[in-house]
Structure formats: C-alpha cells, structure tokens
Amino acid sequence: MSTVILRTFAPFLASLMVIFSIFVLLRGHNEPGGGFIGGLIAASAFAIYGIGCGVAPVRRALLFHPIAIAGFGMFIAALSGLLSALQGVPLFTGLWWFPEIVSGVKTALSTPLVFDIGVWLVVVGAITTIALALEEEERE
Amino acid sequence: MAYAVLAPFFLAIFAPALTQALGHRAGWALAALPAGLFIYFTGFIEPVSSGERFVFTAEWVPSYGVNLSFFVDGLSLVFALLITGIGAFILIYAGGYLKGHEHHGRFFSFLLMFMGSMLGLVLADNVITLFIFWELTSITSFLLIGFDHRREASRRAAIQALVVTGGGGLALLAGLILMAGATGTMEMSEMLSLGNLGDNPLYVPILLLVLGGAFTKSAQVPFHFWLPNAMEAPTPVSAYLHSATMVKAGVYLVMRVQPALGDTILWSIILPAFGGATLLTGVFLGLRQTDLKLMLAYTTVASLGLLIMLTGTSDLVIIEGAVLYLIAHSLFKGGLFMVAGTIDHEAGTRDITRLGGLRAAMPLTFAAAALCALSMAGLPPFFGFIAKEIMYKGLSHVALIPTGLPAADIAAWVLVAVAVIGNAMMLVIGFAVAFKPFLGTRADTPKSAHEGPVMLWIGPVVLSVLGLIAALTAHETGDLFIEPMTAAVSGVPIELDLHLWPSKFDAAVMLSILTIGLGLLIFSVYETARSGMGRIADWVGWGPDKGFDQAVRGIIAFAEEVTGIFQHGELRGYMIVTFGVTFLVLIVPLAMIDGLPAIPAIPDLFVYEWGVLALALAGLVAVFYAKTRLTAIISLGIQGFAVALIFLIFGAPDLSFTQFMVETLSVVILTLVLTRLSLAETDTRGMPRALGDGTIAIGVGAAFTLVLLSVTQQPLDLRLSAFFTEFSQPVAHGRNIVNVILVDFRALDTFGEITVVLVAGLACLAAIRLRKRRPPAAQSHGAELRNDADDAISQTRPLPSAKETVS
C-alpha cells in the first residue's frame, strides 16, 4: 500500500493532523470540536503514518505503547472527576480557575478541560492500538 | 462490642509479620486476644444469668435499616465464650501443630479471620449483619479447608464446602429478608419479642429457607457429605471449625429462631426427621471408618443431627438437654480432634488399624483422650452424662404421656429409640478413637511416638478437664449457663436445678443404662461391626458425595452445550442473529403498540440537498455492484460521508465532524482486517444465501426508517435543549453545548464510554496477539519441543513487541 508519494508525504501530513487535532481539542468548549473528535483525528494521523512509513517509526515517535497512553488518559479523566471530592461537591462537578498569566490577561483552567484531554488520550491510544496492531500483522 | 468482633480481623493483618518474628511461638502471643475476649465476655455472665439482655447498635446503612448491631443473651453468650475460649487453645495448638510450615503466618491469619466471623455471626442482631458474618464463616472455612492448596483433594473439599454452605447462605438470606418483611423489623431481638410466626402467611417459605441455610451449614442429611471431606484441612481447623464452632452455626440459627418459628406441626416434623436421619447416617457411616479424623467427623455429623432433632421437639426439658449436649460436645469433640491431630503429628499416622499401645509414650494425651471419650460416651461423672440424662428425661417424658394421636405417640418413641441407638454408637466410636491407639500392644508406627510439646497437649487436657469440672459443679453451671441459654432458646424464662446424680431411678436412668450396655456390647465386637458396615456401604456404592460430583459435571456439560449453540464460531451466523433480533426489537413494538407511522409527502429540497442524497444512493449502488470486497467497503464509506454532509447541512457540525472521522477510520480498519483474513477477494455467496442476507439487510433498514419516521412525527420536547442552551454558558463556561454536555453535565456517561473504548482497544490487542502467538505447528519446530509450562509463560508475557520497539 505504501507508495513513494505517501511515504514522503505521510510524516508531514501526520504532524499537521496532530497539531490540528490538538487545536480541535482545545477549542472544543466553545466551538465545534472536543476530545473525542480530536482524538479520532490524531488516531487517523498515526494510522496514515503507519500505512505510509511502517509501524516501527510510529511506535518510536509515540515513545509509549498506545494502550498505555489510553490508560493514562483514563487515569487523568478519573482524577479530574475525583478532584471535586476535595471541594465536597458531587463527583465530576466542574471546577474552574482563572489565573492571570500577565497583568490583565486571564486564562481559564478547569477540570472539564483535564477530563477532555483524558478523553482525547483514551481515543488516540485505543484506536491507534488497534490500527497499529493490524498494520503490523499485515507486514508479517 | 463491635470492637470485640472486629479485633480478630485486625489482628489477622499482623499475624503473618508476628509469626515471621516469633516463629511458632506466635501461637502463644496470638492466643492472648481470644483469651482477653473470653475474659471480656465472662463479664456478661452475671447480668445475663439474672435475665438481662444487652443490645449494641451502630448505624451502617440506615436507609435500608441495616445496622451493625449485636446482642448478648444466654444463647449468644455461651457461643461467644466457646468461640473465644476454645479459640485461644486452638491458636496455641496450631502453633505447635504447624511448626515450621512455610505459610504458618497465613494460617494464623485465616484462623483469626474465622474467629471474628464466627463471633459476629452468633452476636449479630441485625439479620443482614448476621448474613454477612454467616457468609464470612463460609469463605474463611473455604480458605482453611483449602489451606494445603497443592493437593487436589483439599481443593475439591474446599470448593464443595463453599458451594454447599454458600448456597445454603443464599437461601438463608431470602428467608431472613422474608422474616424481616413479616415482622417489620430487621433486628433479631425485636423479631423474637413479637411472638410466634406460625400463623403468618409467609411462615412456610420462611421456615424452609431458613432451614435450608441451617441444614447446609450444620451438615444435615442430605448435605452431610461436605463435613467429612472438610477433614482435608489441618487438624486445628477440624477441631475448631468442623466440630466446636462453625458447623454449630446451623444449630445456633435453629435455636435462635426457635421462639419465632418453632413449636408448629411443620417444625416438629421436619427437624426431628432430618436430625434423626442425620444422627443415624453419621454413626453408621462413622463406624466403618479407620481414619481417626473421619471417625470423629462422622460422629460430629451425628451430634449435629441429634441437636437438630432435640431442638425440633420444642419441649422445654429436651431443649435443656440439647443445650447441655451442645456445650459438652464442643468440649469433648474439640479435645478429641486435637488428640487425633497429636497422634498423627507424633506417630505419623492416624489410621486406627496401625496404632496401638501409645499409653506409655503419650500419657498426657491419653489422659485427655480418655476423659473426653468418657464424656462423649455419657458416663458419670462427666458433663456428657448430665446432657444425656436430661435429654432422656425429656424424651421419655414426652413419649410416656399419650397425646391421643397414635402417629405422634409412635413418633415420640421412635425419637427415643433413635437417640438410644445414636448415643450407643457414639460411645463405640468415641471409645475406639480414645482407647484403641493407646491400649493393647505397641504397634509399629511410621514415626517413633513420644509425648507432644506443651502446645499440643495443653488444649485437649484443659478441655477434657473442663468437661469434668462442669459436671462436678453442675449446680453453678446450670445457673450461670444452662438456665439463661435454655430460656433464650425456648423463649420463656425458666428456673431449673441441675444435679450431677439423678434424684430417682426413672425412665431416663434406664435408658442411660440401656445405651451404655448396648454401646459396650457393640464395642466388644468392634472390628467385626466395622468391616460389616464397610461391606454394606460398599454395596450401596452411591452417596450424595458422588452425587455432588455428578451434579457439577452435569452443570458444566450443560454450560458447554449452551455455549456451543450460541458461540458456534461462524461469523455469518452471529450477524444473522444480531440483525434478526435488531429487526424484531425495532418492528414488533412499533407494529403492536405505537402503530406504523404515516408516510410523509416528498419534501421540498434544495438542489444541493438532492445532490447529497444522490451521493448516498450512488455509494449504495457501488457497494451492490462492487467486484471485490475491498471496493465494497470503500464504497460504503461514500454513503457514510453523504450522511455526514446531511448532518452538516442541518446544523450539527460536531456530529458531522465525528461522522467523517468515524467513517474514515472504519474504512481504514476494516480494510486492514480484511487484508489479514484469508477470504476470497470476491463475494462467494450463492444466490439463495445472498437473497436471504439481503432480505435481512433490507428488513433492518426498513425498520430503522419506520422508527425514525415515527420518532420525528412525535411532538418535539424541547425542555432539555432549552435547559442546556440556557445554562451551558453561565454555569459551565462553554458555548459549545455538545461539548459541555459531554465533559461537564454528563461527564460520568462519557467516562463510561471512554472505558468502553479503552477496553475495546485492549480486547482487540489481545485478540490480535493471541492469533499471532499460536503459529501453526508445522511452521515452528521449536514450539513442539517446549513443554507446557514454558508455553504457558510465553503466552502470558505481556506485549513483548511493544517493549522491543520502545527500547
């Protein structure tokens, strides 16, 4: 399935897609997007990279086994829900902080954001696990 | 009180570390806890014997009326004293018995956990608390029977005991909940004060379910088989759980509910019938055994049957006899088991045919064995004698007074006869256990026997001497223990005066003489009787123990059969069932309840909207005409993209976005899967099959269309939409309602969904790896040479290729 064009183009395409997926993840709270859809985009990025250049470079680039990434996502998603216990409010209640980065400019941090990042990691990890495992099979 | 019950559990955590530090001497240290608890409970003797009852309550789940509540009356106090008192000696004994065992600390831990469970069981007031401790005793018993888990027989016995007693526990739970419903309270102490439930419409189910729990736990026929098998456990367990305490939980329960459920026709038929049958089964099967522990185990079965039979009469004097016998039995049987264990430990065998003449080598053990056996035989001046006297006094009294019903009169005499035969046979087996190994000529044993260390003989000696002291101080024993316990079991306050010697020569004394004479007569021909009984049992050949195995095999075969029908491994069959059921689920409620929707008029669409529809249609046609499977899958993607476009046009950008990605990834993954499956490139289905599958496909599609039409024709409820639109921004700081719902309002749902995604990923990974790890035998010669163990290890090694690539 691997052609010269795809092999050359895949790393760039994949990088762009991952960046775009992070953009989609972060804008999700106010504009169309979010962790789930962002995760799907990143997963397709890795799938394309794998099809184009083989599974080994993808695994090297990921550093961790994708199922471990998914597990970590699950962990921080759970943590973001449990944090509400410290405030004595029900499980998964959203908590918000508005720290000032420089004077006059505020940003928003929240447990739903952490949760969404967790969702993103789970989706990326789980789908990439399946795709890479299948691509590897194919090559044997 | 809750602390007293929970303390053994707490100590169980530290028992292994303590054993590591002190070695087998940890037995002495650990025994301090039950000894302390024993002293704590002795503080209740004085007030309880003067008629007081104590209730301790801590709220647990108040919304369901479940409390961690305990109560102390004559019945629970005697049990608590037996559990802690005998428990202390058992811990010491276990210290000596398992000295040097690699898991000695674990054993102590299990024993302590059992002790806590058993204390909780007998002291529990709330019925749910009672049930939980009841099941805990089953579980800890399972751990203790299976302690020697490398042996097949131990594992089987452990599982068997757990299945039988755990199953009975479930019946008990149902019975207790019904009882709580019938009385309106969850507290046992309040239930008992509400009087007899005999007229309640739920009486029969309550009685049968509660007895189901009691009979399994106390090894009544036909559930008696698990108890002799449980002798696979180390001897301290047999002495403690399977004679003195746990198996008496069923008797405890029956005695506990006697005021509420007893004294009815059903009660006085079921209990004496099953108890009597168990008594006879126990003594006759016990007669044929040559293993000391098995002989004792069968007499324990018999004694439990006797106790159930006596309690079933609901007669005041007979219950008093049962109470006396229960205490006497715990003392002499616990002692005899420990003696059997000591003989096994010191002589290397517990086969009665290979033992003899140990009296000189093991004088203290012999003395303890003799005292216990004399009490078991019911000879004066031992406690067992008083128990038997009172028992006979009650039984003969009932039998001698005509009731006017011939059946009842005959039944009363049958009970007398059963009791006499049972007691005589117990004398035989008790004498055989206690005297055969010690008297006669010195037999050649695997180990050269000598007296055990103090840890091994102190328990049996103290328990056997207690059986003598309790009898010599009969008056005080009666006032302090027997009177309050009999009152608790019968439900009415009583006044009794206990003497060692009977005041006059009455029917009870005659029955006693008859029992002893009969027993000695059989004992004089013991060897002949044993082999004769063995031949009869061999001739019958089948027992519930074999039946248990047959039932288990039957269940497994049935499960395999059912699994084989549904999990036949043919993918097409799975798809037909899945989609067939989907079709029915969609269409049946629609056709039967809601009615088919009206067919809408063709809507007025823009040109580009028609274009999108045409695209979807083109995708479908392409699927239909595709030459290869690969083309078909990609063509299906076209149809999916068209749907995504429709979402986009109708103002659902998030949904559309997701649809695009899901569609893309589905095509990619399906393609990858397809390349791995060794399928023909083209569809090889014949026309009849294609038509059948096509019908199902069209049916499901049509059903979905109808359901969607039906849904859109309902009035639209906008309350939720309105709520989310209104609160999304001010409450959750987000303008994208869809995302706010996903990560904030319904975050728990999303959490569940990502769990599914993660598990699906793991499952796919495992499935793919598993396929890869099992190459056809022809491909790798190495795999054939490796033995099974190596193979198992390489199978379970996690994700090797991941490690390789990371490094």
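In this text, all values refer to a predicted model and were calculated from it rather than measured experimentally.

1. Topic: the packing of aromatic side chains
Residues and elements named next belong to chain B.
Consideration 1: A full pass over the atoms with the stated rule returns 32 aromatic pairs over all chains.
Consideration 2: Seen from their ring centres, Tyr 40 and Phe 44 are 5.4 Å apart, and the 90° between their planes marks the pair as edge-to-face.
Consideration 3: Judged by its relative accessible area of 8%, Phe 44 falls in the buried class.
Consideration 4: Note on Phe 79 and Tyr 252: the rings are 5.2 Å apart at their centroids and 75° apart in plane angle, and the pair reads as edge-to-face.

2. Section: the pattern of salt bridges
Residues and elements named next belong to chain B.
Consideration 1: Applying the stated criterion across every chain, the model contains 17 salt bridges over all chains.
Consideration 2: Across the pair Glu 152 and Arg 155 runs a salt bridge whose closest N-O atoms are separated by 3.1 Å. With Glu 152 and Arg 155 both in helix 7 (residues 152–183) and three residues apart, this pair spans about one turn of that helix.
Consideration 3: Between Asp 538 and Arg 288 there is a salt bridge, with its nearest N and O atoms 3.4 Å apart. Taken as a pair, Asp 538 in helix 22 (residues 526–540) and Arg 288 in the loop between helix 13 (265–287) and helix 14 (292–312) lie far apart in primary sequence, 250 residues in all.
Consideration 4: Exposure remark for Asp 538: the relative accessible area of 51% places this residue in the exposed category.
Consideration 5: The class for Arg 288 is partly exposed, based on a relative accessible area of 29%.
Consideration 6: Several salt bridges share partner residues, and in doing so they unite Asp 148, Arg 151 and Glu 232 into one network.

3. So, the interface of chain B and chain A
Consideration 1: Taken together, the contacts link 45 residues of chain B with 50 residues of chain A.
Consideration 2: Along the contact surface separating chain B from chain A lie one salt bridge.
Consideration 3: Put simply, chain B and chain A have 10 residue pairs in polar contact (both at pLDDT 80 or more) between them.
Consideration 4: Among the elements of the structure, helix 27 (653–676), helix 30 (737–745), helix 31 (747–773) and helix 34 (800–806) of chain B are those that each provide at least two residues to the side of chain B that touches chain A.
Consideration 5: Among the elements that take part in the side of chain B that touches chain A, helix 31 of chain B stands out by supplying 17 residues, more than any other.

4. Looking at the nonpolar core
Consideration 1: Formed by 197 residues in total, the largest nonpolar core has its most connected members in Phe 41, Leu 123, Trp 226 and Leu 261 of chain B.
Consideration 2: Among the elements that line this core, the one with the most residues is helix 15 (residues 316–347) of chain B, at 18 residues.
Consideration 3: Excluding anything up to four places from it in sequence, Phe 41 of chain B contacts Met 1, Leu 77, Ala 80, Leu 81, Thr 84, Leu 119 and Leu 123 of chain B.
Consideration 4: Judged by nonpolar contacts, the second largest core, of 48 residues, contains Ala 45, Val 119 and Val 123 of chain A together with Ala 747 of chain B.

5. Observations concerning the confidence of the model for chain A
Interpretation of this model should avoid reading the predicted coordinates in detail wherever pLDDT is low.
Consideration 1: Chain-level statistics for chain A give a pLDDT mean of 88 and a share of 96% at 70 or above.
Consideration 2: Element-level mean pLDDT values for chain A span from 78 in strand 3 (residues 105–106) of chain A up to 94 in helix 4 (residues 66–82) of chain A.

6. A closer look at helix 4 (residues 74–97) of chain B
An α-helical turn contains 3.6 residues, so any two residues separated by three or four positions project in the same direction.
Consideration 1: Taking 1.5 Å of rise per residue, the 24 residues of helix 4 of chain B would be expected to cover 34 Å, and the 33 Å separating its terminal C-alpha atoms lies within 8% of that figure.
Consideration 2: Of all the 24 residues making up helix 4 of chain B, 24 are buried; the element is thus mostly covered by neighbouring parts of the structure.

7. Considering empty space enclosed by the protein
Consideration 1: Counted according to the given criterion, the structure contains three cavities of 30 Å³ or more.
Consideration 2: Looking at the largest cavity, its volume works out to about 50 Å³.
Consideration 3: Taken together, Tyr 325, Phe 332, Ser 375, Met 376, Gly 378, Gly 384, Ala 387, Lys 388, Met 391 and Asn 423 of chain B make up the lining of the largest cavity.
Consideration 4: At the level of secondary structure, the elements contributing two or more residues to the lining of the largest cavity comprise helix 15, helix 16 (363–377) and helix 17 (383–400) of chain B.
Consideration 5: What the second largest cavity holds in volume is close to 40 Å³.
Consideration 6: Forming the boundary of the second largest cavity are Ser 80, Gly 81, Phe 92, Thr 93, Gly 94, Thr 111, Pro 112 and Phe 115 of chain A together with Val 743 and Ala 747 of chain B.
Consideration 7: Elements that contribute at least two residues to the lining of the second largest cavity include exactly helix 4 and helix 5 (111–139) of chain A.

8. Observations regarding unusual backbone geometry
Consideration 1: Look at the link from Val 221 of chain B to Pro 222 of chain B: it is a cis peptide, with omega at 5°.
Consideration 2: Along the chain, the position of Pro 222 of chain B falls in the loop between helix 9 (203–217) and helix 10 (226–229).
Consideration 3: Residue Pro 381 of chain B is bonded to the preceding Pro 380 of chain B through a cis peptide linkage, with omega at 5°.
Consideration 4: The topology assignment puts Pro 381 of chain B in the loop between helix 16 and helix 17.
Consideration 5: In this structure, Leu 63 of chain A takes a positive phi of about 70° despite not being glycine.
Consideration 6: Mapping Leu 63 of chain A onto the fold places it in the loop between helix 3 (55–62) and helix 4.
Consideration 7: Positive phi, close to 55°, is recorded for His 733 of chain B, a residue that is not glycine.

Reading the values: the criteria
- Residues numbered from 1 in each chain as written.
- Chains lettered and ligands numbered in written order.
- Predicted model: local features only at pLDDT ≥ 70, side-chain atom pairs only at ≥ 80, totals over all residues.
- Heavy atoms only, no water.
- Phe/Tyr/Trp six-rings, centres within 6.5 Å; stacked < 30°, edge-to-face > 60°.
- Buried < 20%, exposed > 50% of the residue type's maximum accessible area, 1.4 Å probe, protein only.
- Salt bridge = Lys/Arg side-chain N within 4 Å of Asp/Glu carboxyl O.
- Helix = DSSP H or I, 4+ residues; strand = E, 2+ residues; numbered from the N terminus.
- Contact = heavy atoms within 4.5 Å.
- Polar contact = N/O pair within 3.5 Å; in protein donor to acceptor, adjacent residues only side chain to side chain.
- Core = buried A, V, L, I, M, F, W, Y, C linked by side-chain atoms within 4.5 Å.
- pLDDT = per-residue confidence, 0-100.
- Expected span 1.5 Å × (residues − 1).
- 1 Å grid on protein atoms, 1.4 Å probe; cavity = no way out; pocket = protein on both sides within 12 Å on 5 of 7 lines; lining within 4 Å.
- Points joined across faces, edges and corners; volume = space filled by probe spheres on them.

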